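Observations on the three-dimensional arrangement
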Amino acid sequence: MLKIFKNKSVKFGIPFLVFMLGAPFLVNEFQRLRYEYKPLIAQDVLRDEMKKKGLHMKKPGEVTLESEYAKIKDKDTSNWEIKRIPRPYEEPETK
């Protein structure tokens, strides 16, 4: 009996097959949990809680690619300069 467990096909093959056949079932459970609780994020109850904490969440569809383009289309993007902001560990320069 011990001789069969020393065989490389049994020693490495059976755990590999168990992993390959069992992994989709585990992933399926994680995916189910993910999609079960995802709709809760978009509910108004969560929005009210976020407002109480001082965070403003925009409604889905309020920000679109066209609305963002309309904001920046009139800005001059050819004339700009690099402005360096101080890093948190640096002391701010006084001018």
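Basis of the calculations
Here the residue numbering is sequential within each chain, running from 1 through the sequence in written order. Whole-chain, interface and lining totals are the exception, using all residues; otherwise, since this is a predicted model, local features are given only for residues with pLDDT of at least 70 and side-chain atom pairs are given and counted only at 80 or more. Calculated side-chain values reflect all of the structure's heavy atoms, with hydrogen atoms and water omitted. Helix numbering and strand numbering both begin at the N terminus, where a helix is a DSSP run of H or I of at least 4 residues and a strand a DSSP run of E of at least 2. For every residue, the accessible area obtained with a 1.4 Å probe (protein chains only) is divided by the maximum for its type, and the residue is called buried under 20%, exposed over 50%, and partly exposed between those limits. All accessibility values rest on the Shrake-Rupley procedure with a 1.4 Å probe; residue burial counts only the protein chains present in the view. In this scheme, patches are assembled from residues that exceed 30% relative accessible area and form no salt bridge. Like charges are connected within 9 Å, while nonpolar side chains (Val, Leu, Ile, Met, Phe, Trp, Tyr) are connected within 5 Å. Here, a salt bridge means any side-chain nitrogen of Lys or Arg that lies within 4 Å of a carboxyl oxygen of Asp or Glu. Pairing of N or O atoms within 3.5 Å defines a polar contact, subject to two protein rules: one partner must be a possible hydrogen donor and the other a possible acceptor, and residues neighboring in sequence count only if both atoms are side-chain atoms.

Remarks on the overall build of the protein chain
Looking only at helices and strands, one finds 4 helices and 0 strands in the protein chain. Buried positions account for 1% of the 95 residues belonging to the protein chain. Accessible surface, the protein chain: about 10,100 Å² in total, of which carbon and sulfur atoms supply 63%.

A look at a nonpolar patch on the surface
Residues Phe16, Leu17, Phe19, Met20 and Leu21 make up a contiguous nonpolar surface patch of roughly 570 Å² in combined accessible area. In this structure, Met20 sits in helix α2 (residues 8–41). Given the relative accessible area of 44%, Met20 is considered partly exposed.

Describing the pattern of salt bridges
Any two side chains of opposite charge can pair, on the condition that their charged atoms come close. Inspection of every chain in the model, using the stated rule, returns 4 salt bridges. One salt bridge in this structure joins Glu90 and Arg87, with 4.0 Å as the shortest N-O distance. By relative accessible area, Arg87 is classed as partly exposed at 42%. Each member of the salt-bridge network shares a partner with another, and the members are Arg84, Arg87 and Glu90.

Thoughts on the environment of Asn7
Here Asn7 shows up in the loop between α1 (2–5) and α2. Given the relative accessible area of 38%, Asn7 is considered partly exposed. From its side chain, Asn7 meets the backbone nitrogen of Ser9 in a polar contact 3.3 Å long.

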